[in-house]
Amino acid sequence: MENLLPVIRNAARALIVRDDRILLLRKQGYSDGERFALPGGGQDPGETLRQALLRECQEEIATRVLIHDLVHVADYFKVRDTDPPSTRHLVEFLFRCEVQDTYVPMNGEHPDKHQVEVVWVPLDALADIPLYPRSLAAFLGRRSAAAAGIYMGVID
């Protein structure tokens, strides 16, 4: 693996599904076009995973989420857009979450660098969009059959 950064970072992500739609961040500004991602991000020193997820959701999707169970844990080697290119090792913790029934998708006060909007995407459309990490689409498509607390190995 080329230019692997020496620090492993935990990241907490929110799986928010309502009426067969999933809440995603839409991002632009990448060389390969737009991308979609789950809300959430890196855990800061002194934070629990739950605290990190609450903070990240407030920053990115402008709402407090209700955090339920851990759905999966996976290793993710994220290629970073740096010069020279580098790779960051993330340990991804995906939690099933809810937003209030009245929630309207919107960017929070501190969205991700490339984030342009927050959108509801039909679950059956996941295979047709550039969701990152890419292998999440297959997992999320069979989420109802998946047991909670799965270690998925390496995702891409």
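Scroll up for the structure.
Residues numbered from 1 in each chain as written. Predicted model: local features only at pLDDT ≥ 70, side-chain atom pairs only at ≥ 80, totals over all residues. Heavy atoms only, no water.

Asks: Describe the pairing of strand β3 (residues 33-37), listing the residues and the values that go with them.
Replies: Relative to β3, strand β2 (residues 21-30) is paired through 4 bridges, and the arrangement is antiparallel. In the sheet register, arginine 26 faces β3, and the bridge partner there is phenylalanine 36. Counting the residues in the hairpin turn of β2 and β3 gives 2 residues. (Pairing = 2+ DSSP bridges. Helix = DSSP H or I, 4+ residues; strand = E, 2+ residues; numbered from the N terminus.)

Asks: Give me the lowdown on the nonpolar core, citing residues and values where you can.
Replies: Residues Ile16, Leu53, Ile61, Val65, Phe95 and Cys97 are the most contacted members of the largest nonpolar core, which totals 20 residues. Taken together, the elements giving at least two residues each to this core come down to β1 (4-18), β2, α1 (49-61), β5 (66-80), β6 (86-98) and β7 (115-122). Leaving out residues up to four positions away in the same chain, leucine 53 has contacts with Ala12, Arg13, Ala14, Pro39, Gly40, Ile67, Phe95 and Cys97. (Core = buried A, V, L, I, M, F, W, Y, C linked by side-chain atoms within 4.5 Å. Buried < 20%, exposed > 50% of the residue type's maximum accessible area, 1.4 Å probe, protein only. Contact = heavy atoms within 4.5 Å.)

Asks: With reference to specific residues and values, describe the pairing of β2.
Replies: Alignment of β1 against β2, held across 2 bridges, turns out to be antiparallel. Paired with arginine 18 across the two strands is arginine 21, which belongs to β2. With 7 bridges connecting them, β2 and β7 associate as antiparallel partners. Note that in β7 the partner of leucine 23 across the bridge is tryptophan 120.

Asks: Describe in detail unusual backbone geometry, supporting the description with residues and values.
Replies: Each neighbour pair has its own omega, and for aspartate 83 with proline 84 the value is 0°, a cis peptide bond. Along the chain, proline 84 falls in the loop between β5 and β6. Note the cis peptide between tyrosine 132 and proline 133, where omega equals -10°. A positive phi is found at aspartate 20, a non-glycine position, where the angle reads about 60°.

Asks: Go over the state of the cysteines, please, and point to the residues and values.
Replies: Inspection of every chain in the model, using the stated rule, returns 0 disulfides. Cysteine 97 supplies the cysteine sulfur nearest to cysteine 57, a cysteine that is in no disulfide, at a spacing of 5.9 Å. Using a relative accessible area of 0% as the deciding quantity, one classes cysteine 57 as buried. On the basis of relative accessible area, cysteine 97 is assigned to the buried category, the value being 3%. (Disulfide = S-S within 2.5 Å.)

Asks: Can you tell me about the packing of aromatic side chains, naming the residues and giving the values?
Replies: Across all of its chains, the model carries 0 aromatic pairs by this definition. Just above the ring of tyrosine 132 sits the side chain of arginine 35; from NZ or CZ to the centre is 4.2 Å. (Phe/Tyr/Trp six-rings, centres within 6.5 Å; stacked < 30°, edge-to-face > 60°. Lys NZ or Arg CZ within 6 Å of the ring centre and 35° of its normal.)

Asks: Can you break down the side chain of glutamate 56 residue by residue, with the values?
Replies: Summarising the element assignment, glutamate 56 is placed in helix α1. In this structure glutamate 56 comes out as buried when scored by relative accessible area, which is 9%. Setting aside residues up to four positions removed in sequence, glutamate 56 forms contacts with Gly40, Gly41 and Gly42.

Asks: Tell me about the side chain of arginine 26, and please be specific about residues and values.
Replies: If you trace the backbone, arginine 26 turns up in strand β2. For arginine 26, a relative accessible area of 16% translates into the label buried. One polar contact links arginine 26 to glutamate 117, side chain to side chain, over a distance of 2.6 Å. Excluding residues that lie within four positions of it along the chain, arginine 26 makes contacts with Glu34, Arg35, Phe36, His114, Gln115, Val116 and Glu117. (Polar contact = N/O pair within 3.5 Å; in protein donor to acceptor, adjacent residues only side chain to side chain.)

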